[in-house]
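Close look at the chain arrangement
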Amino acid sequence: MGRMSQQQFENFTASSLYCDKCKTAMPVRERLLLILPDKEIYDYLCTGCASSVGQREVTAGEKIVAQRAVPRRPRRRAPAQRIRL
Ligand SMILES: [Zn+2]
């Protein structure tokens, strides 16, 4: 029985994880641990003993956020071109 690799862990949303203290897979609670400019880190807590059983990083790309589309207004005006001969 191998342990779950970190790579696999990142690719699914955990609802239950193996807990070392409970010696079994326990339902976990997701807690937002840290918000960074480009990602958020979630902590998974065992609902049985409340110890941390894992963490997950959600990058901005993964997260689907309904962001308001900010219209980009170009500051520069198009330079008036004068052609003199
Ligand atoms: Zn536990």
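To be clear, the structure that these remarks concern was listed above.
First, a word on scope: everything that follows refers to the structure included in this document. (Residues numbered from 1 in each chain as written. Predicted model: local features only at pLDDT ≥ 70, side-chain atom pairs only at ≥ 80, totals over all residues. Heavy atoms only, no water.)

1. A look at unusual backbone geometry
One can expect most non-glycine residues to show negative phi and most peptide bonds to be in trans. Basically, it comes down to this: For helices the rule is a DSSP run of H or I covering at least 4 residues; for strands it is a run of E covering at least 2, with both sets numbered from the N terminus onward. Here's how the labels work: a residue is buried when its accessible area is under 20% of the maximum for its type, exposed when over 50%, partly exposed in between, all with a 1.4 Å probe on protein chains only.
Even without glycine at this site, Lys 23 takes up a positive phi of about 60°. Following the sequence through the fold, Lys 23 ends up in the loop between strand S1 (16-19) and strand S2 (24-35). The class for Lys 23 is exposed, based on a relative accessible area of 63%. Phi at Ala 50 is positive, roughly 65°, even though this residue is not glycine. Relative to the helices and strands, Ala 50 resides in the loop between strand S3 (39-46) and strand S4 (52-59). According to the relative accessible area criterion, Ala 50 is partly exposed, its value standing at 48%.

2. Focus: the pairing of S2
As a reminder of what qualifies: Here, any two strands with at least 2 DSSP bridges between them count as paired.
Here S1 runs beside S2; their pairing, made up of four bridges, is antiparallel. From the neighbouring strand, Leu 17 faces S2, where its bridge partner is Met 26. The turn joining S1 and S2, which pair antiparallel and follow one another in sequence, is formed by four residues; a positive phi near 60° is taken by Lys 23. Strand direction decides the pairing type here: S2 and S3, joined by seven bridges, are antiparallel. Across the sheet, the residue bridging to Val 28 is Cys 46, located in S3. The antiparallel pairing of S2 with S3 creates a hairpin that spans three residues between the two strands.

3. Here we look at the coordination of the zinc ion
Quick reminder of the rule: For Na, K and Ca the donor cut-off is 3.2 Å, and for all other metals it is 2.8 Å, counting N, O and S atoms only; because water is absent from this set, sites may look incomplete. Sites are called tetrahedral only when four donors show all angles between 85 and 135 degrees, square planar or octahedral only when four or six donors show opposite pairs over 155 degrees and all other angles between 65 and 115, and irregular in any remaining case.
Protein ligation of the zinc ion involves Cys 19 (SG), Cys 22 (SG), Cys 46 (SG) and Cys 49 (SG), the donor distances falling in the range 2.3 to 2.4 Å. Between the four donor atoms coordinating the zinc ion, the angles at the centre fall across 102 to 117°, so the site counts as tetrahedral. Counting gaps between the donor residues of the zinc ion yields the pattern C-x2-C-x23-C-x2-C. Pair noted here: Cys 19 is in strand S1 and Cys 49 is in the loop between S3 and S4, with a separation of 30 residues, a long-range link. Classification of Cys 49 as partly exposed rests on a relative accessible area of 30%.

4. Topic: the side chain of Asp 43
Cut-off, in case you're wondering: Here a polar contact is recorded for every N or O atom pair within 3.5 Å, except that within protein the pair must consist of a potential hydrogen donor and a potential acceptor, and residues adjacent in sequence are included only if both atoms are side-chain atoms. By the convention used here, residues are in contact when the closest approach between their heavy atoms is within 4.5 Å.
One can find Asp 43 in strand S3. The class of Asp 43 is buried, set by a relative accessible area of 5%. Polar side-chain contacts of Asp 43 include one of 2.8 Å to the side chain of Ser 52. For Asp 43, the contacting residues outside a window of four places in its chain are Arg 29, Glu 30, Arg 31, Leu 33, Ser 52, Gly 54 and Gln 55.

Read these as layout, nothing more, since geometry by itself doesn't imply function.
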